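Listed here are the chains, written in short residue letters.
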Amino acid sequence: MEKIAEKAEKLIEANPSNFNEAYTALLEEYEKLEKDHAKLAAKIRDTEYEGDRMRNYLELLHKLDHVDVFDGDLVRAMVDKVMV
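Residues numbered from 1 in each chain as written. Predicted model: local features only at pLDDT ≥ 70, side-chain atom pairs only at ≥ 80, totals over all residues. Heavy atoms only, no water.

### Description of the overall build of the protein
Item 1. Tallying secondary structure elements over the protein gives 3 helices and 0 strands in all.
Item 2. For the protein, the succession of helices and strands along the chain, N to C, is α-α-α.
Item 3. On C-alpha atoms alone, the protein measures out to a radius of gyration of 26 Å, which is more than a quarter above the 12 Å that the 2.2 N^0.38 rule sets for 84 residues.
Item 4. Expressed as lengths along the three principal axes of its C-alpha atoms, the size of the protein is roughly 80 × 30 × 10 Å.
Item 5. Within the protein, buried positions represent 7% of all 84 residues.
Item 6. For the protein, the exposed area adds up to about 7,800 Å²; of that, 55% sits on carbon and sulfur atoms.
Item 7. Placing the 13 positive and 20 negative side-chain charges of the protein at their respective mean positions leaves the two points 3 Å apart. (Helix = DSSP H or I, 4+ residues; strand = E, 2+ residues; numbered from the N terminus. Rg over C-alpha atoms; globule rule 2.2 N^0.38 Å. Buried < 20%, exposed > 50% of the residue type's maximum accessible area, 1.4 Å probe, protein only. Areas by Shrake-Rupley, 256 points an atom, 1.4 Å probe, with all protein chains shown as cover. Lys, Arg positive; Asp, Glu negative; His and termini not counted. Charge placed at Lys NZ, Arg CZ, Asp CG, Glu CD.)

Take a look at the structure:
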């Protein structure tokens, strides 16, 4: 995205006859890259969140020595959703 911004600045400085076409193409490429960047950032956040959930789940499992009675709080802590 930085390289595209640099190219746009060079176009402005050079003032070519096809500036509008070149600028529009650069703008479209920049917007596509910006969308791709946003998608990747969201995916990274989701992956980090899932990693945190897994670490918390594993910590909870390690704390348990032996469970011989039903514990509703424990089940709610370990189960994200139930589909029937």
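### Re the pattern of salt bridges
Item 1. The final tally for this structure, using the stated rule, is 3 salt bridges.
Item 2. The partner of E50 in a salt bridge is R53, and the shortest N-O contact between them spans 3.1 Å. Remark: R53 and E50 occur in helix 2 (residues 19-63); sequence separation between them is 3 residues, near one turn of the helix.
Item 3. Note on E50: relative accessible area 36%, which makes it partly exposed.
Item 4. Relative accessible area serves as the criterion here: at 28%, R53 is assigned to the partly exposed category.
Item 5. Residue R55 pairs with D52 through a salt bridge whose shortest N-O separation is 2.5 Å. (Salt bridge = Lys/Arg side-chain N within 4 Å of Asp/Glu carboxyl O.)

### So, a nonpolar patch on the surface
Item 1. Judged by side-chain polarity, F70, V75, V79, V82 and V84 come together as a nonpolar surface patch covering roughly 590 Å² of accessible area.
Item 2. Of note, V82 is situated in the segment after helix 3 (72-78). (Patch = residues over 30% accessible without salt bridge, like charges linked within 9 Å, V, L, I, M, F, W, Y side chains within 5 Å.)

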